[in-house]
Amino acid sequence: MAIIISLLNKIKSHIQSHRNLVFLSLAFWVAHIILRVLLLFRSNPYGFPFVSKPDWYIFHAVCLDFIWISKALVIFLVIAGILKAIKPQKNFSNVLLVIYAVLQYLLFDLTLFDNEVQRFLGCHLTFGIANTYKDTSSLVMLWDYVANDYSIPFLQFILPFAIIPFIFVIYKILGRKAEQKVKGISIGMVIFFIMSSLFINVIWTGNARMTKLRPVATLIYNEIVSDHHQGLTYNDIKAYSRFYQNLWTQVEGDSLWNFTNDEKGNPLYRTPSNELLQSEKLQSQRAQKPNFILVFMESHRGWNTGFLNQGKTSPTPYYDSLAQHSRIWERMHTSGLPTTGGVLTTHIGIPHHSTLAQATDLAHITLPSFASTLTDSGYATHYFSAADPAWDNLGVWMSKWYTAQHYDRNREDDSTFFDHATEYVLDTLSKQGKPFLATLMTRSNHYPFNFAAGMTDEQKQLPLTERINVTMNYADRQLSHFMRAVEKQPWFENTYVIIMADHGFPLGENGVSTMNGGAYSNATWIPFLIYGKGIEPARDTATTAQMDIAPTILELAGIATPNIFMGHNLLRGYGDGLSLGAYAGVAAVGYENRRLIEKLPLGTGDVQGLFAEGDTHQEKNLADSEAQTTSKLKAMLDSLITISDYSLEHGI
């Protein structure tokens, strides 16, 4: 005990002698709070809110900044202690204070720059984005953006200088008022550090929020230690490209597309042949100018959907009834998890990045989608979301691709959400004199499956495995109201309806109950159908994935343009297909009636399972009994994910 007391007294004395470091840390923390307020409660440069719910972010931001600034303080206090032990006769306090002040000011300016990059581009400041915009013309573009900022023009240039006297004043006030209270302040900082850590990591978590609020100090550390920026050699790219292109052509079953390198040398880049462009079928579809309604049903599992589980009591009676008149694909898998992964991969036709938070980390990359292609082709394209698209940065992507977005925090229940979508489609979108795309993203069937309006207390107390049926049924009823309203309209005869899930949800099957626990079918197997003119009702057992949806929609629209979609037109009527996905720590490939799940990083040999595609509930693991197939699919998966990651990072 005496040793502990002696150590605490030494720490107290050490902190007291370097109290100016403590005061300066607190002054910079206050400055960072101001930065956070200016980021979260201000509009982006285009006049739209940076986040729709700033109150959901600000307390996490304050805690995150306190944590990293406290860690920096501890590092300097330790350095001061080491220097004192080495040179006890010298006083390094003032030198360390100056170095610390300069470092913190540089980090403050970098944070401001990172905030502005997020406001303008939707992504954090990284080595990758610096490399993308290293051209001197970017400086001219930056000036134009700042000058035309719909929030406060030129604030970005004023703040770095205006904050210096503010920090100095706070620092001096603390030094004068709290010089004799260093012990109490230090204890309070330790307590707040612990409380902050508990708050952001246990009490109120959220990966999307934490990604958006990632401090610049963490960004720098991650950029230095991460290896995802290691480039492929020319020979690597050539070999991977040859493998991918041969496989894609084999699965496609014809030669109506030609692989040619674009300006960036993207190995996925392909162009339509003259035969395809001049085909009667494509020209006929284009002449019809069909409308599209794409509905993402939040967390709808293949495990629970009625038309995929014959004989079981179904929570989705309307969806099931529509399936009887539609083309359904019984073995559709997500290409990314969670919602951001499923929605992005559906749009761009490429599996989610295997290591990056794609929605944020790659927001500066140009990746065309089926929606942007329709927009460029004269369609009115609108994205309706019951969940805040700014939460996981999806709003940034949708603003690139769609004519407009629709979200209001007062319409987060599927009932009010579908009411608004119905009204807008009927009264506005369908009367603009042009074909339209309406994409809807629901919310009520979201974990913990108690968001459905009108749920009784008894229903909310049901086990998750039963509660999800309640919320799926609620969402199904709201979908039916929407569909029955639009199907009465004359333009509906020239409309394709695509209804699917963004992803499933693991509820203990295969020993997994979290979204980052694997790529088992409980999380990746989803319902999918296409309903509309010329679509013959059928049940298809080909292996498919969300990356197939973009090329399918565009060919239904009669549009064939150069693209980097890794998927295939599902209506081509050839072969057993290919599915591919990258998730949280795992990746999966489906090919020739087998689905392999492997842990990341790829090539480590750690296989979660090999299953027959017909074994939709994945009850029998074939990895050991079919070692040769396992080895073949592992090599295929490694090549495909490598080339898809590379393409995502380089864009088009």
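*Asks:* I keep staring at the overall build of the chain and nothing clicks. Help me out?
*Replies:* On a plain count of helices and strands, the chain comes out with 24 helices and 17 strands. Here the C-alpha atoms of the chain give a radius of gyration of 27 Å, agreeing with the 26 Å that 2.2 N^0.38 yields for 652 residues. The principal-axis extent of the C-alpha atoms belonging to the chain is close to 85 × 60 × 60 Å. Counting over 652 residues, the chain shows a buried share of 54%.

*Asks:* Please explain a nonpolar patch on the surface as it appears in this structure.
*Replies:* Together, Leu-110, Phe-127, Ile-220, Tyr-221, Ile-224 and Val-225 line one region of the surface with nonpolar side chains, adding up to about 590 Å² of accessible area. When residues of the nonpolar patch are assigned to their parent elements, the largest contribution, four residues, is made by helix H10 (residues 216-225). Note on placement: Ile-224 falls in helix H10.

*Asks:* Where do I start with the sheet that holds strand E15 (residues 586-591) in this structure?
*Replies:* By way of backbone hydrogen bonds, the strands of a sheet pair with one another, either parallel or antiparallel. The antiparallel open sheet is built from four strands, whose spatial order is E14-E15-E16-E17. Bordering the open sheet on either side are strand E14 (578-582) and strand E17 (607-612), each of which pairs with just one other strand. Averaged over all pairs of adjacent strands, the angle between their axes in this sheet comes to 10 degrees, without regard to strand direction. As judged from the six bridges shared by E15 and strand E16 (residues 594-599), these two strands associate in the antiparallel manner. Residue Val-589 lies in a different strand from E16, and its bridge partner there is Leu-596. On the sheet, helix H24 (residues 627-650) packs against E14, E15, E16 and E17 and is oriented at approximately 115 degrees with respect to E15.

*Asks:* Would you take a moment to explain the sheet that holds strand E9 (residues 495-501) for this structure?
*Replies:* One open sheet holds the eight strands; their spatial order is E7-E6-E8-E3-E9-E11-E4-E12, and the pairing between them is mixed. Unpaired on one side and paired on the other, strand E7 (404-406) and strand E12 (538-540) mark the two borders of the sheet. Taken over all neighbouring pairs, the strand axes of this sheet differ in orientation by 15 degrees on average, direction set aside.

*Asks:* Is there a simple way to think about the environment of Leu-322 in this case?
*Replies:* Counting through the fold element by element, Leu-322 comes out in helix H14 (residues 317-323). Spatially, the C-alpha atoms of Leu-322 and Pro-537 are 9.9 Å apart, while their sequence positions differ by 215 residues. Contact partners of Leu-322, with chain neighbours within four places excluded, come to Met-483, Ile-499, Leu-529 and Tyr-531.

*Asks:* Before we go on, may I ask you to explain the nonpolar core in this structure?
*Replies:* With 79 residues, the main nonpolar core has Phe-370 and Leu-374 as its most contacted residues. Per-element accounting of this core gives the leading share, seven residues, to H24. With residues up to four places along the chain from it excluded, the contact list for Phe-370 reads Leu-294, Thr-346, His-347, Tyr-402, Leu-437, Ala-550, Ile-553, Leu-554 and Phe-565. Membership of the second largest hydrophobic core comes to 48 residues, among which are Ile-15, Leu-24, Leu-96 and Leu-213.

*Asks:* Explain the packing of helix H15 (residues 339-348) against helix H18 (residues 394-401) to me, please; I cannot follow it from the model alone.
*Replies:* Helix-helix packing is characterised by the crossing angle of the two axes and by the distance between the axes. Following both chains from N to C, one finds H15 and H18 inclined at 20 degrees, their axes separated by 11 Å at the closest point. Taken together, H15 and H18 sit at an angle that is classed as roughly parallel. The interaxial crossing formed by H15 with H18 has left-handed handedness. Contacts between H15 and H18 involve Thr-339, Thr-340, Val-343, Leu-344, His-347 and Ile-348 on the former and, on the latter, Leu-394, Trp-397, Met-398 and Trp-401. Broken down by class, the residue content of the contact of H15 with H18 amounts to seven nonpolar, three polar and no charged.

*Asks:* In this structure, what is going on with the pattern of salt bridges? I would like to understand it.
*Replies:* Inspection of the entire model under this criterion finds 15 salt bridges. In this structure, Arg-36 engages Asp-65 in a salt bridge whose closest nitrogen and oxygen atoms are separated by 2.9 Å. Of the two residues, Arg-36 is situated in helix H2 (residues 19-40) and Asp-65 in helix H3 (residues 58-86); the sequence distance between them amounts to 29 residues. Overall, the relative accessible area of 4% leaves Arg-36 in the buried class. For Asp-65, a relative accessible area of 3% corresponds to the buried category. Notably, a salt bridge pairs Glu-412 with Lys-53, separated by 2.5 Å at the nearest N-O pair. Separated by 359 residues along the polypeptide, Glu-412 in the loop between E7 and helix H19 (414-427) and Lys-53 in the loop between H2 and H3 bring together distant segments of the chain.

*Asks:* Please clarify how the pairing of strand E8 (residues 436-441) should be interpreted in this entry.
*Replies:* Remark: a regular strand shows side chains that alternate across the two faces of the sheet. Judged by how many residues are buried, E8 sits mostly within the fold: six of six residues are covered. The side-chain alternation of E8 yields two buried faces, one formed by Phe-436, Ala-438 and Leu-440 and the other by Leu-437, Thr-439 and Met-441. Two elements, strand E6 (residues 380-385) and E8, share six bridges in a ladder whose sense is parallel. Pairing of Ser-385 across the sheet is with Met-441, part of E8.

*Asks:* What should I look at first to understand the environment of Phe-154 in this one?
*Replies:* Mapped onto the elements of the fold, Phe-154 is located in the loop between helix H6 (137-147) and helix H7 (155-177). In sequence terms Phe-154 and Ala-453 are 299 residues apart; their C-alpha atoms lie 45 Å from each other. Setting aside residues up to four positions removed in sequence, Phe-154 forms contacts with Trp-143, Val-146 and Ala-147.

*Asks:* Could you clarify how one ought to interpret the side chain of Arg-270 in this entry?
*Replies:* Looking at the secondary structure, you find Arg-270 in strand E2 (residues 270-272). Buried Arg-270, no salt bridge; nearest opposite-charge side chain is Glu-252, N-O distance 5.9 Å. A polar side-chain atom of Arg-270 sits 3.4 Å from the main-chain carbonyl oxygen of Phe-565. Leaving out residues up to four positions away in the same chain, Arg-270 has contacts with Trp-248, Trp-257, Asn-258, Phe-259, Pro-551, Pro-562, Asn-563, Phe-565 and Gly-567.

What counts, and at which threshold
- Residues numbered from 1 in each chain as written.
- Predicted model: local features only at pLDDT ≥ 70, side-chain atom pairs only at ≥ 80, totals over all residues.
- Heavy atoms only, no water.
- Helix = DSSP H or I, 4+ residues; strand = E, 2+ residues; numbered from the N terminus.
- Rg over C-alpha atoms; globule rule 2.2 N^0.38 Å.
- Buried < 20%, exposed > 50% of the residue type's maximum accessible area, 1.4 Å probe, protein only.
- Patch = residues over 30% accessible without salt bridge, like charges linked within 9 Å, V, L, I, M, F, W, Y side chains within 5 Å.
- Areas by Shrake-Rupley, 256 points an atom, 1.4 Å probe, with all protein chains shown as cover.
- Salt bridge = Lys/Arg side-chain N within 4 Å of Asp/Glu carboxyl O.
- Pairing = 2+ DSSP bridges.
- Axes fitted to C-alpha atoms, helices over the stretch in contact; angles between N-to-C directions.
- Contact = heavy atoms within 4.5 Å.
- Core = buried A, V, L, I, M, F, W, Y, C linked by side-chain atoms within 4.5 Å.
- Parallel < 35°, antiparallel > 145°, perpendicular 65-115°, else oblique.
- Left-handed = near helix turned anticlockwise from the far one by under 90°.
- Nonpolar A, V, L, I, M, F, W, Y, C, P; charged D, E, K, R; others polar.
- Lys, Arg positive; Asp, Glu negative; His and termini not counted.
- Polar contact = N/O pair within 3.5 Å; in protein donor to acceptor, adjacent residues only side chain to side chain.

Nothing here speaks to function; it is all geometry.
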